[in-house]
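Residue-level structural notes
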Amino acid sequence: MSEFATTVRARVESAHESARAARAAGDEELAGLHEADLGNLLRLAREHGVDLDDEQAC
């Protein structure tokens, strides 16, 4: 796996975790920001053929 793909996968997982943590803390605004970041990362991954498998289902 390329360094780019590894980085994108790590950032996707981090965005998922951050959104879940913000939501658990009751901070919907912060969760929304993390979800927007996640959406951008998923688009970037799709555009560059990065296979995310389980990360997309989270």
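Residues numbered from 1 in each chain as written. Predicted model: local features only at pLDDT ≥ 70, side-chain atom pairs only at ≥ 80, totals over all residues. Heavy atoms only, no water.

Observations concerning the environment of R43
Note the threshold: Runs of H or I in DSSP of at least four residues are treated as helices and runs of E of at least two as strands, each being numbered from the N terminus.
Following the sequence through the fold, R43 ends up in helix α2 (residues 28-47). Along the sequence, R43 and R11 sit 32 residues apart, while their C-alpha atoms lie 13 Å from each other.

Considerations on the environment of S2
Put simply, the rule is: Each residue is placed in one exposure class: buried if its accessible area under a 1.4 Å probe, protein chains only, is under 20% of its type's maximum, exposed if it is over 50%, and partly exposed if it falls in between. Side-chain atoms alone can form a polar contact between residues adjacent in sequence; in general such a contact is a pair of N or O atoms within 3.5 Å, and within protein one must be able to donate a hydrogen while the other accepts it.
Turning to its location among the elements, S2 is positioned in the segment before α1 (3-24). Judged by relative accessible area, S2 falls into the partly exposed class, the value being 41%. A distance of 3.0 Å separates the side chain of S2 from the backbone nitrogen of A5, its partner in a polar contact.

Observations concerning α1
Rule in force here: Multiplying 1.5 Å by the residue count of a helix minus one yields the expected span of that helix. By construction, the arc corresponds to the directions joining the helix axis to the C-beta atoms.
Compared with the 32 Å implied by 1.5 Å per residue over 22 residues, the 31 Å span of α1 between its first and last C-alpha is a close match. Where α1 is concerned, the buried positions are A5, V8, V12, A15, H16, A19 and A22. In an axial view of α1, the angular spread of the buried residues amounts to 140°, which keeps them on one side of the axis. In α1, the exposed positions that point more than 90 degrees away from the buried face belong to E3 and A24. A positive backbone phi angle near 85° is found at G26, which sits one or two residues after α1.

Points about the pattern of salt bridges
Convention followed: Salt bridges are defined by distance alone: a side-chain nitrogen of Lys or Arg within 4 Å of a carboxyl oxygen of Asp or Glu.
Taken as a whole and judged by the stated rule, the model has five salt bridges. The shortest N-O distance in the salt bridge between R20 and E13 comes to 3.5 Å. Residues R23 and E28 are paired through a salt bridge, measuring 3.0 Å at the closest nitrogen-oxygen approach. A residue is classified by how much of its surface remains accessible, and R23, at 37% relative accessible area, is partly exposed. Looking at E28, the relative accessible area reads 44%, which means it is partly exposed.

Details of α2
Relative to the 28 Å expected for 20 residues at 1.5 Å per residue, α2 spans 28 Å between its end C-alpha atoms, a close match to the ideal helical length. Along α2, the residues classified as buried are A31, L38, L41, L42 and A45. All buried residues of α2 lie within an arc of 105° about the axis, which places them on one face of the element. More than 90 degrees from the buried face of α2, the exposed residues found are E29, L33 and E47. Following α2 by one or two positions, G49 adopts a phi angle in the positive range, close to 70°.

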